[in-house]
Amino acid sequence: MTEPRRTGDQTDQSEKPAAGEGERQPTLLEQMGGVSGLIYSGLPVVVFVLANSLFGLAAGIWTALGSAVLITIVRVVRKEPVQPAISGFLGVAIAAFIAYRTGEAKGFFLFGIWTSLVYFAVLALSVLVRWPLAGVVWNLLNGTGMDWRKDKPSRFGYDIATLALAAVFAARFVVQRWLYDEDYTGWLAFAKIAMGYPLYGLALLVVVWAVRRSDRRLKALREAEERSEAELEERLRLKYGRPPASQS
């Protein structure tokens, strides 16, 4: 009678994940799609510039769109997240449409330039109204609530992280707008890739710092609050002559 129970216990234990298993947080590179994500993000831009310089604007537009479609298909076949690929395809499609309408290769980059300005404005405004987006988005995605806003040091850390992201988009707009005005299409492509994931990754390091700093502070505050409540309860028991909970 006891043998099946032990076997069942062993089976149950074997099915339980090891301590810490499944708790590993994705690395910064994994959050950005890994090495393949870095390659996929820059491929349509490179293809567009090369095809445009060799065969003209129309060829550049169609090859860029074709490469974006191919990337989406590859992600589906490899069962990778397709949301980044779909977003990238839409971005390439809009950029290609603007290039077609303007009749200039540099028009391919115009959408990204003005998008950077909009992102900068939204991020900076979120800091001014004391709802830094780095903190809002992170805690909404992780379902950890908005307790961090009540802690000034935590909010200040998220302010810095949000401003770091804003600085990235401001730099993109200033540099790429200047290259656009000077008709440096080749350098525009280089700047778009170099100021994409690599620069964004540096800003994400600041976000990670702010998250860890806030998590440590909030954990310490919760523990201190629990200790204070326990001490208050014990003082009340002593004052009114109640036995401790363990003896009741």
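Above this note sits the structure.
Attention in this report is confined to the structure presented alongside it. (Residues numbered from 1 in each chain as written. Predicted model: local features only at pLDDT ≥ 70, side-chain atom pairs only at ≥ 80, totals over all residues. Heavy atoms only, no water.)

### Looking at the overall build of the protein chain
Inference 1: The helix and strand tally for the protein chain stands at ten helices and zero strands.
Inference 2: Looking at the protein chain alone, contacts between residues at least 24 apart form 64% of all its contacts between residues at least 6 apart.
Inference 3: Element-wise, carbon and sulfur atoms account for 64% of the exposed surface of the protein chain, whose accessible area totals about 16200 Å². (Helix = DSSP H or I, 4+ residues; strand = E, 2+ residues; numbered from the N terminus. Contact = heavy atoms within 4.5 Å. Areas by Shrake-Rupley, 256 points an atom, 1.4 Å probe, with all protein chains shown as cover.)

### Focus on the pattern of salt bridges
Inference 1: Applying the stated rule across the entire model yields four salt bridges.
Inference 2: One salt bridge in this structure joins Asp183 and Lys106, with 2.5 Å as the shortest N-O distance. Of this pair, Asp183 sits in the loop between α8 (152-181) and α9 (185-194) while Lys106 sits in the loop between α5 (83-102) and α6 (110-128); the two residues are 77 residues apart in sequence, bridging distant segments of the chain.
Inference 3: Given the relative accessible area of 46%, Asp183 is considered partly exposed.
Inference 4: Under the relative-accessibility criterion, Lys106 is labelled buried at 12%. (Salt bridge = Lys/Arg side-chain N within 4 Å of Asp/Glu carboxyl O. Buried < 20%, exposed > 50% of the residue type's maximum accessible area, 1.4 Å probe, protein only.)

### Remarks on a nonpolar patch on the surface
Inference 1: A cluster of nonpolar side chains, namely Leu125, Leu128, Val129 and Trp131, defines an oily patch on the protein surface of about 430 Å² accessible area.
Inference 2: Here Leu128 is to be found in helix α6.
Inference 3: Its relative accessible area of 68% is what places Leu128 among the exposed residues. (Patch = residues over 30% accessible without salt bridge, like charges linked within 9 Å, V, L, I, M, F, W, Y side chains within 5 Å.)

### Regarding unusual backbone geometry
Inference 1: The phi dihedral of Arg130 is positive, around 65 degrees, even though this residue is not glycine.
Inference 2: With respect to the helices, strands and loops of the structure, Arg130 is situated in the loop between α6 and α7 (133-142).
Inference 3: Here the phi dihedral of Asp183 falls at roughly 65 degrees; this positive angle occurs in a residue that is not glycine.

Such coordinate-based values are descriptive only and should not be taken to indicate function.
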